[in-house]
Amino acid sequence: GNVLMIQKLLTLCGEHPEEAPAAEGRDNDDEDRPKDKLAFPAHQPLAVLGLSLVGMSEDIGSEMLLRSFEHLLQYGEPCVRKAIP
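What you see is a predicted model; the values in this text were computed from it and never measured. (Residues numbered from 1 in each chain as written. Predicted model: local features only at pLDDT ≥ 70, side-chain atom pairs only at ≥ 80, totals over all residues. Heavy atoms only, no water.)

### Notes on the side chain of Ser52
Phase 1 of the analysis: With respect to the element layout, Ser52 can be found in helix H2 (residues 43-55).
Phase 2 of the analysis: Aside from chain neighbours lying at most four places away, what touches Ser52 is Phe69 and Pro85. (Helix = DSSP H or I, 4+ residues; strand = E, 2+ residues; numbered from the N terminus. Contact = heavy atoms within 4.5 Å.)

### What to know about the environment of Tyr75
Phase 1 of the analysis: Checked against the element boundaries, Tyr75 lands in helix H3 (residues 59-75).
Phase 2 of the analysis: A sequence separation of 61 residues divides Tyr75 from Gly14, and the C-alpha atoms of the two residues are 8.9 Å apart.

### Describing helix H1 (residues 2-13)
An α-helical turn contains 3.6 residues, so any two residues separated by three or four positions project in the same direction.
Phase 1 of the analysis: The end-to-end C-alpha distance of H1, which contains 12 residues, comes to 16 Å, matching closely the 16 Å that a straight helix rising 1.5 Å per residue would cover.
Phase 2 of the analysis: Restricting attention to buried positions, one finds in H1 the residues Ile6, Leu9 and Cys13. When H1 is viewed along its axis, its buried side chains cluster within an angular range of 65 degrees and face the same direction. Residues of H1 that are exposed and angled more than 90 degrees away from the buried face: Val3, Leu4, Lys8 and Thr11.
Phase 3 of the analysis: Buried residues along H1 sit in contact with H2, H3 and helix H4 (78-83). (Expected span 1.5 Å × (residues − 1). Buried < 20%, exposed > 50% of the residue type's maximum accessible area, 1.4 Å probe, protein only. Arc of directions from axis to C-beta.)

This is how it looks when you write it as structure tokens:
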């Protein structure tokens with residue numbers, strides 16, 4: 001049961017954010033907004049916290065999640081890195 005939940009949460013943490021869609025009805029000359037603005041994925045920090053809550057229930061699970069957190073710290077998106085406890 002917990003393995004499937006952890007796999008699902010790790011999949012959510014590994015997603016890469018897409019570019020923010022342009023607002024309809026606005027002019028194309030909006031120079032105040034940066035061009036490389038990415039959409040903030042609000043679900044990824046919550047998935048990291050969910051991983052830590054699920055991992056607290058077992059000794060072996062917590063050790064495996066520490067290794068996974070090290071990988072997320074190295075290869076993850078900035079919003080994921082900030083959420084790792």
